[in-house]
Amino acid sequence: KLCANVGDVVALVGRWKHDLKYGRQFAVDSLSYDLPETTEGLVQYLARHPAFTGIGEITARKIVTYAASAANLDRIIRQDLEELHRQLRIPRATLESLREAWIANSAENEVRSYLAGFGLTPHQVETLLKTFGNSIVGVLRNDPYQLIRYVDGYGFKRVDKIARAMGTPKDHAGRIAAGLLYVVGEEIAGGHTWINGADLIDKGNELLLLDTLDSRDVIRSAGERLLQDGALVADGNAVALPAMLEAERLIQRTLATHAWVERPLGTRGLIEQLNARQVDALHRALRCTIALVSGAAGTGKTFVLARVARAFRDAGLRVALCSPTGKAAKRIEETLRAQGLDLEARTIHRLLGYDGQRFRRPSVSEPFYFSDDPDVEPDPPYDAVLVDEVSMVDVPLMAALLARIDFDRTRLVLVGDHNQLPPVGPGNVLRDLIAHRLVPTVVLETVE
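The notes below deal with the structure included here. Residue numbers here run from 1 along each chain, matching the order of that chain's written sequence. For this predicted model, a pLDDT threshold of at least 70 governs which residues receive local features, and a threshold of 80 or more governs which side-chain atom pairs are given and counted, while totals over whole chains, interfaces and linings are taken from all residues. Side-chain measures here rest on the full set of heavy atoms in the structure, leaving out hydrogens and waters.

With that out of the way, let us pick up the pairing of strand 6 (residues 290–295). When a residue's accessible area, from a 1.4 Å probe over protein chains only, is under 20% of the maximum for its type it is buried; when over 50% it is exposed; and in between it is partly exposed. Here a helix means four or more residues in a row that DSSP labels H or I, a strand means two or more in a row labelled E, and each is numbered from the N terminus. Counting buried positions along strand 6 yields six of six residues, so the element is predominantly enclosed. Bridge count for strand 6 against strand 10 (residues 411–416) is five bridges, and the pairing is parallel. In the strand pairing of strand 10, Val-293 is matched with Val-415. Note: two strands are recorded as paired if DSSP finds a minimum of 2 bridges between them. Here four bridges tie strand 6 to strand 11 (residues 441–444), and the two strands are oriented parallel to one another. Across the sheet, Ser-294 pairs through a bridge with Val-443, a residue of strand 11.

The following block contains the structure:
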């Protein structure tokens, strides 16, 4: 696709044709820009583009400063390298290589130097060019805040600084939308899954600093457009990202459907040395499809977990033992081994086959390969999943786990201390499960 704005000076390549309705038309095949490149943009382009070997930032700055303009730079590189060699003492071989690469890339020199002015790496420039072609300049001139969507590491504040230096007005629609999404993202980074609509407007107003008396109305209208477009969603007064709301709804739906379904197993020989509360926890864990055991350190959570795991094993069930972190998984594995239970513990991410971008396992009740190597044995299906240290599990991870369990076959036992600090990620799953009685729960209170 092509994009250009009123006032842009562009070079169009294409052909004339006659349209029966509109008459003579020019069919555009490609577009390039005659850009007013900044000195810094040219410097960064020469210094960072891999085609210009031997040109570091110091040499690039000397060349651009000497040329004084983009047009003069093009003339010197093409026609008078001897002048650069004589005036700047740059080796001839380096300059010959520069001219060869400059001419080879001349069709995109202006675009690349413009993008380099944003501080983009060559890889990031290539990504944008593959997405938009040379019309990326028109796209960014129209809305520079689109960089946030397409370039990793370019958040609102970084792009805003560049855009404002380019003259983008404070009340630019893209700026306000990006600012509101940034506020919601900051709430998520702070551990929240949503923000009150009024607070979103207030914080957006503080961030954007619009120079109008009706700034809150302008921001409110921008927020309503984001809701209409689906970039944000609302549930009452709560405003959230769509993925976060869906994660919370998935957790609620799954627990409401399966948590209270009973599938009892016997407890013969397992209740010795347990106090009354611990026996209650054991019964819940062996009776319900989903159960939660919580309590402070020393109340016997791990002791109960070991009895649950033993009961599942004695019943012929295949058990998966997991925790949110590798350290926690190693600790629970060693603790259970000391009690005579040889169970491998993994992180939840590994159990679900996380490959750095997505969870690959369709269900923990189905075989799963961790490798494409045909000689690697498949990971067998599981009948029960035991999760320790649930206080560290955030909303997205809990949703990912629940979405991949077939509760017609697999049981789930959650164990954690609700007195611990909430997870680093958004939400406070363990406390919410207890506070809203979403699953059969026993809280152990006696420290022994």
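From this point, things continue past the structure.
On to the packing of aromatic side chains, then. Any pair of aromatic rings gets described here by the distance separating the centres and the angle formed by the planes. Two aromatic rings from Phe, Tyr or Trp, using only the six-membered ring of Trp, form a pair when their centres are within 6.5 Å; if the ring planes differ by under 30 degrees the pair is stacked, by over 60 it is edge-to-face, and anything between is tilted. This structure, assessed with the given rule, holds four aromatic pairs. The interplanar angle of 20 degrees and the centroid separation of 6.0 Å between the aromatic rings of Tyr-145 and Phe-156 together place this pair among those described as stacked. On the criterion of sequence distance, the pair formed by Tyr-145 in the loop between helix 8 (136–142) and helix 9 (147–150) and Phe-156 in helix 10 (residues 156–165) is long-range, its members being eleven residues apart. Of the two residues, Tyr-145 and Phe-156, neither departs from the other in class, the shared state being buried.

Before going further, it helps to spend a moment on the sheet that holds strand 9 (residues 384–387). Spatial ordering of the open sheet is given by 8-7-9-10-6-11, a layout of six strands whose pairing is parallel. The open sheet has two free edges, formed respectively by strand 8 (345–347) and strand 11, since each of these has just one partner strand. With strand direction ignored, the average angle separating the axes of adjacent strands in the sheet is 20 degrees. Fitted lines through C-alpha atoms give the axes, limited to the stretch in contact for helices. The angle between two N-to-C directions lies from 0 to 180 degrees.

What follows covers helix 12 (residues 197–208). Over its twelve residues, helix 12 runs 16 Å from end to end, which matches the ideal 16 Å to within 8%, given 1.5 Å per residue. Among all positions of helix 12, only Gly-197, Leu-200, Ile-201, Gly-204, Asn-205 and Leu-208 are buried. Buried residues of helix 12, viewed axially, fall in a sector of 130 degrees; they line one side. For helix 12, the secondary structure elements touched by its buried residues are helix 10, helix 11 (173–189), strand 3 (195–196), helix 13 (215–229) and strand 5 (238–240). The N-cap residue of helix 12 is Asn-196: its side-chain oxygen and the backbone nitrogen of Ala-198 are 2.9 Å apart. Leu-209, located one to two residues past helix 12, shows a positive phi value of around 50 degrees. How far a helix is expected to stretch is found by multiplying one less than its residue total by 1.5 Å. Comment: arc refers to directions from the helix axis out to C-beta atoms. Should any heavy atoms of two residues lie within 4.5 Å, those residues are counted as being in contact. In protein, a polar contact requires one atom able to donate a hydrogen and another able to accept it; more generally it is a pair of N or O atoms within 3.5 Å, and residues adjacent in sequence count only if both atoms are side-chain atoms.

Moving on to empty space enclosed by the protein. Note on definitions: the grid is 1 Å and covers protein atoms alone; a cavity is a set of points where a 1.4 Å probe fits but cannot get out; a pocket is an open set with protein on both sides within 12 Å along at least five of seven lines; lining residues have an atom within 4 Å of a point. Grid points are joined across faces, edges and corners, and a volume is the space filled by probe spheres set on the points. With the rule as written, the count across this model stands at one cavity of 30 Å³ or more. Lining the largest cavity are Gln-44, Tyr-45, Arg-48, His-49, Arg-112, Ala-116, Leu-120, Thr-121, Pro-122 and Val-125. Where the lining of the largest cavity is concerned, the elements lending two or more residues are helix 1 (39–48), helix 6 (106–116) and helix 7 (122–132). The element contributing the most residues to the lining of the largest cavity is helix 1, with three residues.

This part covers unusual backbone geometry. A positive phi angle, near 60 degrees, is found at Arg-89, a position not held by glycine. Residue position: Arg-89 is located in the loop between helix 4 (81–88) and helix 5 (92–104). The exposure class assigned to Arg-89 is exposed, which follows from its relative accessible area of 68%.

Moving on, we come to the environment of Gly-179. Note on placement: Gly-179 falls in helix 11. When the C-alpha positions of Gly-179 and Asp-29 are compared, they lie 35 Å apart, and in sequence the two are 150 residues distant. If sequence neighbours within four positions are ignored, Gly-179 has contacts with Phe-156, Leu-207 and Leu-208.

In this model helix 13 runs 21 Å from its N-terminal to its C-terminal C-alpha over 15 residues, within 8% of the 21 Å that 1.5 Å per residue would give. Turning to helix 13, its buried residues number three or more, namely Ser-215, Ile-219, Ala-222, Gly-223 and Leu-226. Buried residues along helix 13 cover an arc of 100 degrees about the axis, so they all sit on one side. The inward-facing, buried residues of helix 13 contact helix 11 and helix 12. Note on helix 13: the residue one or two positions beyond its end, Gly-230, has a positive phi of about 85 degrees.

The definition of a nonpolar core used throughout is a set of buried Ala, Val, Leu, Ile, Met, Phe, Trp, Tyr and Cys residues joined through side-chain atoms within 4.5 Å. Among the nonpolar cores identified, the biggest contains 37 residues, and Leu-115, Leu-120, Ile-136, Leu-147 and Leu-200 are the most heavily contacted of them. Those elements that provide at least two residues to this core are helix 6, helix 7, helix 8, helix 10, helix 11, helix 12 and helix 13. Excluding anything up to four places from it in sequence, Leu-115 contacts Leu-120, Val-125, Leu-128, Leu-129, Ile-136 and Leu-140. The next biggest cluster of nonpolar side chains, apart from the first, holds 36 residues, and it includes Ile-251, Val-395, Leu-401 and Leu-414.

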